[in-house]
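Geometric and topological summary
Below, each chain spelled out in residue letters.
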Amino acid sequence: MTRRSCAIYATGIVCAHLLIVGIALVVAQVFQTMIHSRLKKEITLTEKSQVFEGWKNPPPPVYMEYYFFNVTNPEVFLAGGKAAVKQVGPYTYREYRPRENVTFLENGTKIYALNPKTFVFVPEKSAGDPEVDIIRTVNIPFVAVMNELNSYSFFLRTVVSMYMNSLGVEIFMNRTVHEILWGFKDPLLTKIHSMKPEVDDHFGLMWKKNGTHEGEFVFHTGEENYMDFGKIDTWNGLRKMSWWSSNQSNMINGTDGAVFHPLISRNELLYIFAADLCRSIHLAYVKDVEVKGIQAFRFAPPSDVLMSPKDNPTNAGFCVPAGDCLGTGVLKVSVCREGAPIVVSFPHFYQADPKYINAVDGLNPNKEEHETYLDLQPTTGVPIRACKRAQLNIILKRISGFPKTKLIHETIFPIMFVNETATIDDESASQMRTMLLIVTLASNFPLLIVGMGIILLFVLIILFCRNRQKKTAKDDTAYTQVSDKPDEPSETQATQPMRNGSYIAMSPVEAQKC
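In this text the structure is predicted, and so the values were computed from the model without any measurement.

**Here we look at the overall build of the chain**
Of regular secondary structure, the chain possesses 13 helices and 22 strands. Out of the 514 residues belonging to the chain, those deemed buried represent 43%. Long-range pairs, those at least 24 residues apart, make up 64% of the contacts in the chain with a sequence separation of at least 6. In the form shown here, the chain has an accessible surface area of approximately 28,300 Å², with 56% of it arising from carbon and sulfur atoms.

Spelled out as structure tokens, the structure:
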């Protein structure tokens, strides 16, 4: 066997082995299963986990952008006309949210933590000075007191109304952005506080929320089941709430939005418990995106999250009392706001019934600016970019005994909305890209084996063809038997000596002499 034949046989054997082993590994998904198993064990809330430190002290900066709706025609609205508002902002604050008092429970399968939040004003990202800029907006304490007295006698409501007039309290107030957000001493609440000390004499949308937490959380670490990674076990000691009118609505589902289980698919729904919304919401896959060179899945709340119970019966449980429901796109949260007629929605009533949008001039809902979404890296479940957007509204309506409301039409009045944003920092993004590259290479190693087998297959075909060509050429020039019949001498042959033998490579061979 020639050296060339040995090379062909060796190439064929190696090629066959590579293809068989590679295809078998691809079909069995051995390497992918090994990588996924490794991820499930590594991505847990344990001290040795690589994600634990990032969970305790999130490196990406979180910004809270507050936008306010400045009322431009309060007199027209009080006279029975349509209110007009103008958006003012943003007023941006950097949010710091380290987890504190972290304690492992039940052999490391659960973890307890507090999540205090601190806000620091960022002037370079803001439209003005919150301590100087004045906003005209609804006097929420005034409306809350009116709403509370709605179940009392007409005589009492009239007396309280006259007392409010003597204090100079109006339905609309002029306050600085800082006062509306972080609190001011309200004259009406001060009088109530003197009679009922449990009522705070200060009011602010973020009053007592700077440096405080939203409750005590116990999370699953993911040690027992990777699908439970980061899920809330209890909130303030509760596994379900009692505010709403159905067991399903009272469930505390999902994570707090900071982490999600690894190996996310496009077909699943992700759940988040939002303490500020007093409920859990679900997110559905929207599209693939890329953030800082990292491929991610975008998830967003579908339209059925705040859909009217007429169109989505599962939302009937959020009507309190049962049957007292608002329309699509809004959620009344009075049950967890001390009875105040507070309504939450997406900014500018995005995805809401047009009647709420048309009730106030100056609203312009659009997906780009007002949609809430999360961009998640599907392999690790880590949020790469997040935009949480929510709007605070209040119900204004006629209440007998309060003459100032006698002409107004019932309106869900927008107060402000917040845009909470976070994007992975450059250092974390670089580490993420490196890790994903390693995971991709390891997962696709069988494909590399198949690729090498295919390359060797082409090499084998080329070697085989070249060898066949050489063999054919050799056969064409091999020794040929000379006929026994003497040829007739031609004129040319008469002048040349007679030759005997055969032709080799087209050249005559001289006959040897005896």
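**Describing the confidence of the model for the chain**
When the pLDDT values of the chain are averaged, the result is 85; 81% of them are 70 or greater. Within the model, pLDDT remains below 50 along residues 490-514, and this stretch shows 15 contacts once partners closer than five positions in the same chain are excluded.

**Thoughts on the state of the cysteines**
Here the structure, examined in full by the defined rule, presents two disulfides. Linked covalently through their sulfurs, Cys278 and Cys336 form a disulfide whose S-S length is 1.7 Å. The disulfide joining Cys278 to Cys336 has a torsion of about 85° about its S-S bond and is therefore right-handed. Of the two residues, Cys278 sits in the loop between strand S12 (270-274) and strand S13 (279-291) while Cys336 sits in the loop between strand S15 (330-332) and strand S16 (342-345), which places them 58 residues apart along the sequence. Pair check on accessibility: Cys278 and Cys336 agree, each one buried. Here Cys319 pairs with Cys325 through a disulfide, and the sulfurs are 2.0 Å apart. Because the torsion about its S-S bond is 120°, the bridge between Cys319 and Cys325 counts as right-handed. A relative accessible area of 5% places Cys319 in the buried class. By sequence order of its bonded cysteines, the chain has the disulfide arrangement 1-4, 2-3.

**Concerning the sheet that holds strand S10 (residues 217-220)**
On the basis of which strands lie adjacent, the open sheet formed by four strands has the order S3-S4-S10-S11 and antiparallel pairing. The open sheet terminates on both sides in strands that have one partner only, identified here as strand S3 (100-105) and strand S11 (232-235). For this sheet, the mean angle separating the axes of adjacent strands, direction not counted, is 20°. Pairing of S3 with strand S4 (residues 110-114) involves four bridges; the strand directions are antiparallel. By the bridge assignment, Glu100 is partnered in S4 with Leu114.

**Digging into the pairing of S13**
Direction of pairing for S12 relative to S13: antiparallel, over a ladder of five bridges. When the sheet's bridge partners are listed, Tyr271 is paired in S13 with His282. The hairpin formed by S12 and S13 contains four residues between the paired strands, and Cys278 there has a positive phi angle of roughly 65°. Where S13 lies against strand S14 (residues 294-300), seven bridges are found, and the strand directions are antiparallel. Residue Val289 lies in a different strand from S14, and its bridge partner there is Ala296. What sits between S13 and S14 in their antiparallel hairpin is a turn of two residues, with Lys292 showing a positive phi close to 55°.

**Some details on the nonpolar core**
Core analysis: the largest hydrophobic core is formed by 101 residues, its most contacted members being Tyr66, Phe68, Leu181, Leu205 and Phe413. With sequence-adjacent residues up to four places away left out, Leu205 is seen in contact with Phe68, Ile140, Ile180, Leu181, Leu392, Ile415 and Met416.

**Some details on the side chain of Thr255**
Position of Thr255 among the secondary structure elements: in the loop between S11 and S12. From its side chain, Thr255 meets the backbone oxygen of Val259 in a polar contact 3.0 Å long. Apart from the residues lying within four places of it in its own chain, the contact partners of Thr255 are Phe229, Gly230, Lys231, Ile232, Phe260, Tyr271, Ile272 and Phe273.

**Topic: the pattern of salt bridges**
Evaluation of the coordinates by the stated rule reveals 18 salt bridges. One salt bridge connects Asp233 with Lys110, and the closest N-O pair in it is separated by 3.3 Å. Of this pair, Asp233 sits in strand S11 while Lys110 sits in strand S4, and the two are 123 residues apart along the sequence. Side by side, Asp233 and Lys110 carry an identical accessibility label, which is buried. A salt bridge links Glu170 to Lys404, with the shortest nitrogen-to-oxygen separation between them at 3.0 Å. Pair noted here: Glu170 is in the loop between helix H6 (154-167) and strand S7 (172-176) and Lys404 is in the loop between strand S19 (383-396) and strand S20 (411-423), with a separation of 234 residues, a long-range link.

About the cut-offs
Residue positions within a chain follow its written sequence, with the count starting from 1. Only residues with pLDDT of 70 or above have their local features reported here, since the model is predicted, and side-chain atom pairs are shown and tallied only from 80 upward, although totals for entire chains, interfaces and linings are computed over all residues. Computation of side-chain values covers all heavy atoms of the structure but excludes hydrogens and water. Numbering goes from the N terminus for both helices and strands, where a helix is a DSSP run of H or I of at least four residues and a strand is a run of E of at least two. Residue exposure (1.4 Å probe, protein chains only): buried if accessible area is under 20% of the type maximum, exposed if over 50%, otherwise partly exposed. Contacts were defined at the residue level, with two residues in contact if any of their heavy atoms lie within 4.5 Å. Every accessible area reported is derived by Shrake-Rupley at a probe size of 1.4 Å, with residue values counting cover from the shown protein chains alone. The predictor attaches a confidence to each residue, and that confidence, scored 0 to 100, is pLDDT. Pairs of cysteine sulfur atoms within 2.5 Å are identified as disulfides in what follows. By this definition, two strands are paired if DSSP reports at least two bridges between them. A fitted line through C-alpha atoms serves as each axis, taken over the contacting stretch for helices, and the angle formed by two N-to-C directions is quoted from 0 to 180°. Each nonpolar core is a collection of buried residues, namely Ala, Val, Leu, Ile, Met, Phe, Trp, Tyr and Cys, held together in the definition by side-chain atoms within 4.5 Å. For this analysis, a polar contact is any N or O atom pair within 3.5 Å, provided that within protein one partner can donate a hydrogen and the other can accept it, and provided that sequence-adjacent residues contribute only side-chain to side-chain pairs. For this analysis, a salt bridge means a side-chain nitrogen from Lys or Arg found within 4 Å of a carboxyl oxygen belonging to Asp or Glu.

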